[in-house]
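Examination of the molecular architecture
The chain contents come next:
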2 protein chains.
Amino acid sequence: MASIKDVAAAAGVSVATVSRVLNDHPSVSDDARTRVLAAVAALGYRPNAVARSLRTDQTRTLGLVISDVLNPYFTELARSVEEAARALGYSVIIGNADERPELQDHHVRTLLDRRIDGLLVSPTDGGSPLMLEAARGGTPMVFVDRWIPGVDVPVVRSDGRAAVRDLVAHLHGLGHRRLAIIAGPAATTTGSERVRAFREALAEYGVPLPEAYIGQGDFQAESGRRVTEGFLDLPEPPEVIFAADNLMALGALDAVRARGLRVPDDVALAAFDDIPWFVHTDPPVTAVAQPTGELGRAAVRALVDRIEGRPPQSVTLPARLVVRRSCGENPDQNVQNRSQS
Amino acid sequence: MASIKDVAAAAGVSVATVSRVLNDHPSVSDDARTRVLAAVAALGYRPNAVARSLRTDQTRTLGLVISDVLNPYFTELARSVEEAARALGYSVIIGNADERPELQDHHVRTLLDRRIDGLLVSPTDGGSPLMLEAARGGTPMVFVDRWIPGVDVPVVRSDGRAAVRDLVAHLHGLGHRRLAIIAGPAATTTGSERVRAFREALAEYGVPLPEAYIGQGDFQAESGRRVTEGFLDLPEPPEVIFAADNLMALGALDAVRARGLRVPDDVALAAFDDIPWFVHTDPPVTAVAQPTGELGRAAVRALVDRIEGRPPQSVTLPARLVVRRSCGENPDQNVQNRSQS
DNA sequence: CGCATCCGTGTAATCGATTCCACGCGGTGC
DNA sequence: GCACCGCGTGGAATCGATTACACGGATGCG
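Now for a look at the structure at hand. (Residues numbered from 1 in each chain as written. Chains lettered and ligands numbered in written order. Predicted model: local features only at pLDDT ≥ 70, side-chain atom pairs only at ≥ 80, totals over all residues. Heavy atoms only, no water.)

Residue and element names in this part refer to chain B. Strand order in this open sheet of six strands is β2-β1-β3-β4-β5-β11, and the pairing throughout is parallel. Because the sheet does not close on itself, it has two edges, and the strands there are β2 (91-96) and β11 (315-318). Neighbour-to-neighbour, the strand axes of this sheet turn through a mean angle of 20°, independent of strand direction. One ladder, built from two bridges, connects strand β4 (residues 141-144) with strand β5 (residues 155-159); its direction is parallel. Bridging from a neighbouring strand, valine 144 pairs with valine 156 of β5. (Pairing = 2+ DSSP bridges. Helix = DSSP H or I, 4+ residues; strand = E, 2+ residues; numbered from the N terminus. Axes fitted to C-alpha atoms, helices over the stretch in contact; angles between N-to-C directions.)

Quick look at the structure:
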């Protein structure tokens, strides 16, 4: 592959001049410029990003470590992050942690070794020493969706409390009183927060959330299935199951169907994180929808601000409830966005 | 960030010795080795992958350019590719083309600039000059899922012909005679091949595939919706709609539902590419399932063989039919894998 | 005892870019 | 006529690693 030296030789100038033309530095004569450009075209020369990064100490690359690519929510997040980054002249390298802390660490380490300019993370756990060290060590970093308390890093996320209140209002209005939740891992903020929001909303209606109605999942379909089976085996099974993410809702649907029960007649179902497929499931699933695209864009903006020396801002956007048929018929009620943040 | 020089200074040796320890080169004394290791630990030193790549001319990174991350099929493919690559000590950088040739080119160019060791591509179109040039220029390359005819690059894909024959047998057995297809872009191999396989299978039953029953889609949900509306507006609408990918099937489902029609009673539906959600749609969708994980692993194997100087092999794996309820009831028939390749 | 060998180590070249500094040249101002 | 300025240019240092080559000391063998 042709290097800058070859171009310089072909154009009859020094490498310094070639470099100046490439970075359109003003003080180059028109003559030299045209000769260099011609040589570049003739040789099909493309600058070596590796060499350039070594010299300039910047890669114009962002790392994004997400918990699970197979989850459509994160896929959409990744897409919007890449799009926003590209618009600002950055590339994105995605690391998929599969909800496994050691894999998350592997990706963080690899990205750091590659000297990415900044890191976007949706942590799988409470925070590995590696990540804490990176944050303190000055690596530009922003948390997205999930975060780690006590670490001084901007957070871009959505607040589902209002939407969860709307959901509980909807469920209560339909006459449901025994409500259960499939929680995510307690080590994740989204895992514990969604339970808290649910419990608080229930409290407003004087409805308790007994321990037996809190199932421990891990954001994967299989755990949704397992927890749902546990719920259905209770002497007094819940009337509603609220899954803290869409994959666990899928597992719950599996488990309910396997018992020959129907949604919403036998059990109602709701989920956190809306996805296009929920429109066509049997029945369509009521869900709390996050403004995923906005989240991705805001996260990139914050991270790039941090990288380029501007003060980054934490952002919290409201989620909203999308009512469908999985909790029971109630055609005209379509509670949305009751409050803004 | 600490560099190799800092480590050398701290350990009281030269950078050469540090490098030797890091790459566990045999001729280093135990004494020097322990001192270097101690210094590495004390400084939290991590080698700079950028500098290393510049010197060794290899990045231990693979590029993967896929047509659409939001399509669960490609997401799963990406996941298995990353997993297989990691097992072999490679990282993967994913580029999402969104089915847009110019975006595909952007990613190919960026990846080439980063001097990735090899490229895995599922081309969005018939092949841009850029990609052809890269292939001829000696960049290790492997096509996966889709390919470009006439280019000397190994192809890893699945053959859906047997599964499509099984599908047609299933449909014919249910009494359907007017069968339509929502095709993908003709510029993609999967776009044209699936139509051909469908037509050939129909021919075995003496059923024609009229032009009016071939809708032109672009592998996105919206096109599935549009084409389906066209089909339903025909004086003699088809009894079956076969979507050449899962997103267009989603769009078709949307369109059918919007008309107040039911699947399979009013129109039957089948799709290429099976996904977990198809189990829970209303009704569950009959689909041709590709061995996605295998495909990803085989593609990485072929590419790494090519990179490391071993002869790479093209691979073709059979797809299989998964019968569900979207084409009509026929409980005991579950045709699968009638033939192997 | 002398010479060849081997082992551990350091010096320095190298990868492909960017960029500081110095140089030559023509024009301007006094 | 001289000093100075600014512009276009090239030489060379530099980023952080790897690695060919040289060197010195210890060991082995005749």
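Our focus in this paragraph is the relation of the copies chain A and chain B. Superposing chain A onto chain B takes a rotation of 180° combined with a translation of 0.0 Å along the rotation axis, leaving an RMSD of 0.0 Å. The symmetry that links the two subunits is that of a two-fold axis. When C-alpha positions in chain A are compared against the rotation axis, the closest is assigned to Thr281(A), at 1.9 Å. Here 100% of the interface residues in chain A have copies in chain B that are interface residues too; the copies meet face to matching face. (Least-squares fit on C-alpha atoms with pLDDT ≥ 70 in both. Contact = heavy atoms within 4.5 Å.)

Next up on the list: the sheet that holds strand β6 (residues 179-183) of chain A. Residues and elements named next belong to chain A. Ordered in space as β7-β6-β8-β9-β10-β12, the six strands form an open sheet in which the pairing is mixed. The outermost strands of the open sheet, each flanked by one partner alone, are β7 (214-216) and β12 (320-322). Geometrically, the sheet is characterised by an average inter-axis angle of 20° between neighbouring strands, direction not taken into account. Examined bridge by bridge, β6 and strand β8 (residues 240-243) share four bridges and lie parallel to one another. When the sheet's bridge partners are listed, isoleucine 181 is paired in β8 with phenylalanine 242.

Another point: the side chain of Asn96(A). Residue and element names in this part refer to chain A. Position of asparagine 96 relative to the elements: it lies in strand β2 (residues 91-96). The buried category is assigned to asparagine 96, whose relative accessible area is 8%. Within the local environment of asparagine 96, its side chain forms a polar contact with the backbone nitrogen of aspartate 98, the two atoms lying 3.1 Å apart. (Buried < 20%, exposed > 50% of the residue type's maximum accessible area, 1.4 Å probe, protein only. Polar contact = N/O pair within 3.5 Å; in protein donor to acceptor, adjacent residues only side chain to side chain.)

Each partner contributes residues to the interface: chain A has 49 residues there, and chain B has 49 residues. Taken over both partners, the interface formed by chain A and chain B buries close to 4300 Å², and the fraction arising from carbon and sulfur atoms is 60%. The three residues of chain A that bury the most area against chain B are Arg115(A), Trp277(A) and His280(A), which together make up 20% of that side's buried surface. Asp98(B) is the salt-bridge partner of Arg79(A), the closest N and O atoms lying 2.7 Å from each other. Where chain A touches chain B, the interface holds 17 residue pairs in polar contact (both at pLDDT 80 or more). Among the residues forming the side of chain A that touches chain B, the class breakdown is 21 nonpolar, 13 polar and 15 charged. (Buried area = accessible area lost by both parts, 1.4 Å probe. Salt bridge = Lys/Arg side-chain N within 4 Å of Asp/Glu carboxyl O. Nonpolar A, V, L, I, M, F, W, Y, C, P; charged D, E, K, R; others polar.)

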